[in-house]
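Below, each chain spelled out in residue letters.
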Amino acid sequence: MPLRSCISLSALLLATGATALHAAEPVRDSQFYVGATMGASNYSLHSAHTPRPPGGLQRDTHGTAFKLYGGYRLTEHFGAELGYAHLGRAKQWTTVNGTALRDEGKGRAFYAAATAQLPLGDAFVLHGRLGVARGKVTGGGTQVPARQGLAGSATGAIVGIGAEYKLTPTMSLTADYDHFTKLSRHAKGGMLTVGLRANF
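A brief structural summary. Every chain is numbered on its own, with residues counted from 1 as its sequence reads. With pLDDT at 70 or above as the cut-off, local features in this predicted model cover only qualifying residues; side-chain atom pairs require 80 or more to be listed or tallied, and sums for whole chains, interfaces and linings still use all residues. With hydrogens and water set aside, each side-chain value is computed from the structure's full complement of heavy atoms.

## Some remarks on the overall build of the protein
Here's step 1: Labels follow the DSSP assignment, with helices taken as runs of H or I lasting at least four residues and strands as runs of E lasting at least two, numbered in each case from the N terminus. Along the protein, the regular secondary structure elements total 1 helix and 9 strands.
Here's step 2: Each helix (α) and strand (β) of the protein, taken in turn from the N terminus, gives the series α-β-β-β-β-β-β-β-β-β.
Here's step 3: Expressed as a percentage of the 200 residues in the protein, the buried residues total 45%.
Here's step 4: In what follows, a contact means two residues having at least one pair of non-hydrogen atoms within 4.5 Å. Look at the contacts in the protein between residues 6 or more apart in sequence, and 67% of them connect residues 24 or more apart.
Here's step 5: Using a 1.4 Å probe, the Shrake-Rupley method yields the accessible areas, and only the shown protein chains count as cover for residues. Surface accessibility of the protein: about 10,200 Å² in total, with carbon and sulfur atoms responsible for 61%. Accessibility here uses a 1.4 Å probe with only protein chains present; expressed as a share of the type maximum, an area under 20% marks a residue as buried, one over 50% as exposed, and anything in between as partly exposed.

## Considerations on the layout of surface pockets
Here's step 1: Within this scheme a cavity is a closed region of a 1 Å grid, computed over the protein atoms alone, that accommodates a 1.4 Å probe without allowing it to escape, whereas a pocket is open but has protein on both sides within 12 Å along at least five of seven lines; lining residues each have an atom within 4 Å of a point. Grid points are joined across faces, edges and corners, and a volume is the space filled by probe spheres set on the points. Volume-wise, the largest pocket comes out at about 250 Å³.
Here's step 2: Considering the residues around the largest pocket, the lining is formed by 16 residues, among which Gln-31, Arg-73, Val-125, Glu-164 and Lys-166 are closest to the centre.
Here's step 3: When residues are grouped by polarity, Ala, Val, Leu, Ile, Met, Phe, Trp, Tyr, Cys and Pro land in nonpolar, Asp, Glu, Lys and Arg in charged, and all others, Gly among them, in polar. In terms of residue class, the lining of the largest pocket is made up of 6 nonpolar, 5 polar and 5 charged.
Here's step 4: Every residue lining the second largest pocket is counted, 13 residues in all, and those nearest its centre are Ser-41, Asn-42, Tyr-43, Tyr-177 and Gly-190.
Here's step 5: Taken together, the residues of the lining of the second largest pocket break down into 5 nonpolar, 7 polar and 1 charged.

## Some words on the packing of aromatic side chains
Between two aromatic rings, the relevant description is the distance of the centres plus the angle of the planes.
Here's step 1: Between 30 and 60 degrees the pair is tilted, below 30 it is stacked and above 60 it is edge-to-face, where a pair is any two Phe, Tyr or Trp rings, Trp via its six-membered ring, whose centres lie within 6.5 Å. Enumeration over the complete set of coordinates arrives at 4 aromatic pairs.
Here's step 2: Ring centres 6.2 Å apart and planes at 55 degrees place the aromatic pair Phe-66 and Tyr-84 in the tilted group. Separated by 18 residues along the polypeptide, Phe-66 in strand β3 (residues 62–73) and Tyr-84 in strand β4 (residues 78–96) bring together distant segments of the chain.
Here's step 3: Look at Phe-66 and you get partly exposed, because its relative accessible area is 32%.
Here's step 4: Arranged with centres 4.9 Å apart and planes meeting at 50 degrees, the rings of Tyr-84 and Phe-110 form a pair that is tilted. Within this pair, whereas Tyr-84 is found in strand β4, its partner Phe-110 is found in strand β5 (residues 99–120), the two being separated by 26 residues in sequence.

## Let's talk about a nonpolar patch on the surface
Here's step 1: Note on patches: the residues involved have over 30% relative accessible area and no salt bridge, like charges join within 9 Å, and the nonpolar side chains Val, Leu, Ile, Met, Phe, Trp and Tyr join within 5 Å. For this analysis, a salt bridge means a side-chain nitrogen from Lys or Arg found within 4 Å of a carboxyl oxygen belonging to Asp or Glu. Together, Leu-120, Phe-124, Tyr-165, Leu-167, Leu-173 and Leu-196 make up an exposed nonpolar region whose accessible area comes to about 550 Å².
Here's step 2: Secondary-structure assignment places Tyr-165 in strand β7 (residues 152–168).
Here's step 3: Relative accessible area serves as the criterion here: at 43%, Tyr-165 is assigned to the partly exposed category.

Pasting the structure below:
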């Protein structure tokens, strides 16, 4: 899903939640939740030179992803969330002094985000998140200069949208797309996951 569409929908959901924060009465029951998801990631990698080695793959931008998170609903529509996302491994080749070198790393991020929920009936909920993420890519090619390689850390934004289906009053099935604008100097990425959320 395009980043611009994610930002627009998340902003709309957050605006709805912010309005509801003033209009709705405080939630009396505990609204804590925790969740875990798993799926696939897609990296966006930047390198000044990306040769295609003989008989080799130029880039591999897809990985296995998972996310662990917890949050609190301030009202029916508005809340906050903390989480950890692991985006799996990415690979590419880069040219250093005329030599093609393999560069790879594993991306992860910790984030804090404001959330908004939009109930659609008794069981189905749309939700969005918008916040700050601290990303890091570990590994990298041992001979690739730091200014050119994937490895490193960076602070950027997390923008996410998703849906929740309530299986029981305390358990929900979720589907999410999250985009991290910076994982390192030369890497950003998104993840599409499904999982379970426990509501307390």
